[in-house]
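Coordinate inspection notes
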Amino acid sequence: MTSPDTPEAGSAAGAGPVRGVLRPRLPSPLREAVDERFARHGVRLLLKRDDLIHPELIGNKWRKLAPNLAAAAGRTVLTFGGAYSNHLRATAAAGRLLGLPTVGVVRGQELAGRPLNPSLARCAADGMRLHFIDRSTYRRKGEPETLAALVRATGCEEAYVVPEGGSNALAVRGCAALGEELRGLADVVVLACGTGGTLAGLAAGLSPGQRALGVPVVKGGFLGAEVRALQEQAFGGPRGDWALDDRFHFGGYARTSAELDAFAADFEQRHALPVERLYVAKSLYGLMTLAGEGAFPRGTTVAAVITGTPGPS
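Cut-offs applied
Residues numbered from 1 in each chain as written. Predicted model: local features only at pLDDT ≥ 70, side-chain atom pairs only at ≥ 80, totals over all residues. Heavy atoms only, no water. Buried < 20%, exposed > 50% of the residue type's maximum accessible area, 1.4 Å probe, protein only. Helix = DSSP H or I, 4+ residues; strand = E, 2+ residues; numbered from the N terminus. Pairing = 2+ DSSP bridges. Right-handed = clockwise from strand over helix to strand, strands pointing away. pLDDT = per-residue confidence, 0-100. Contact = heavy atoms within 4.5 Å. Core = buried A, V, L, I, M, F, W, Y, C linked by side-chain atoms within 4.5 Å.

**Points about the pairing of strand E8 (residues 211-216)**
Across the six residues that make up E8, a large majority, five, are buried. Looking at chain direction, strand E7 (residues 188-193) and E8 are connected through six bridges and run parallel. Paired with Leu-191 across the bridge in E8 is Gly-214. A crossover links E7 with its parallel partner E8, the connecting element being helix H9 (residues 197-205), and its sense is right-handed. Pairing analysis gives three bridges linking E8 to strand E9 (residues 242-244), with the strands arranged parallel. Following the sheet pairing, Leu-213 is matched in E9 by Ala-243.

Below is the structure:
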């Protein structure tokens, strides 16, 4: 079992072969979205279309996975996620495209005897071997003894292990490029957060005077500590100006509401943009609410990072 533990592993140079095979569209497009709901408050809205980076490794999944795939160096990639994990789906697709074996450890032993949902079915179709575990064990997966036992149970002692959501030091450094692409182009950059890795890297890549705002899609108020820990691992200490607004998780991960769905459908119609519901819709809803609350001074340019697309159904 191996995992990234040095700054050099999976560096930008090392990720070159991965990039050459997968051919990402970088930098991702930045487009203005004219919307009177923002304009009436003096806010200019830009959409950072990370969803257009790659058709299968969408958005921040490309930025987080590419350096880890390079560090895997052809070994089996073992990673973790829930039943609707975008990260599992992206890892499975990357494995198929690069010829890497992949194993997904899935939260929920009760799912093992049921038909696969569309997201997990896509993982399996892409060649990922799924290993279901109970939720109590899943919560302890970061403990060395539990992780070692899980690796043995999957028969993948030599696997390269990527944490849930793909968030580790390599991923955070990979996501710093997102901030670098936005330097001087927006005052505030907003994105949805699951494990905090993209926010940690984004904030580090922005210029002084710019700030990043994360909208957690999970509840619990723990994400701030996670972002700080990831920056410590990736850079040796805090980087950039960032904050979190915990009000827009709509009950927790994978939960939505009729109100959120109506908002997302309306945004899709206004801007010809497919809006992913579990992450992107929540960040856009939060951004619109903040604009209405006067959270941004008139004349502010805000960039919303579109981190993904609607999943299989």
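**Quick word on the sheet that holds strand E6 (residues 160-161)**
In space, the four strands of this open sheet follow the order E5-E4-E3-E6, with parallel pairing throughout. Either end of the sheet is taken by a strand with one partner, and the two such strands are strand E5 (129-133) and E6. Bridge count between strand E3 (residues 77-81) and E6: two bridges; the pairing is parallel. Residue Leu-78 lies in a different strand from E6, and its bridge partner there is Val-161.

**A short note on the confidence of the model for the protein chain**
For the protein chain, the mean per-residue pLDDT works out to 93, and 96% of the residues sit at or above 70. Within the model, pLDDT remains below 50 along residues 5-13, and this stretch shows eight contacts once partners closer than five positions in the same chain are excluded.

**Side note on the nonpolar core**
Membership of the largest hydrophobic core comes to 28 residues, with the highest contact counts inside it found for Leu-45, Leu-47, Phe-267, Val-275, Leu-284, Leu-287 and Phe-296. Counting only elements with at least two residues in this core, the list comes to strand E2 (44-48), E7, E8, helix H11 (258-271), helix H12 (280-292) and strand E10 (301-305). Looking at this core, the element that brings in the most residues is H12, giving seven residues. With sequence-adjacent residues up to four places away left out, Leu-284 is seen in contact with Phe-263, Phe-267, Val-275, Ala-304 and Ile-306. The next biggest cluster of nonpolar side chains, apart from the first, holds 22 residues, and it includes Ala-169, Val-189, Ala-200 and Val-305.

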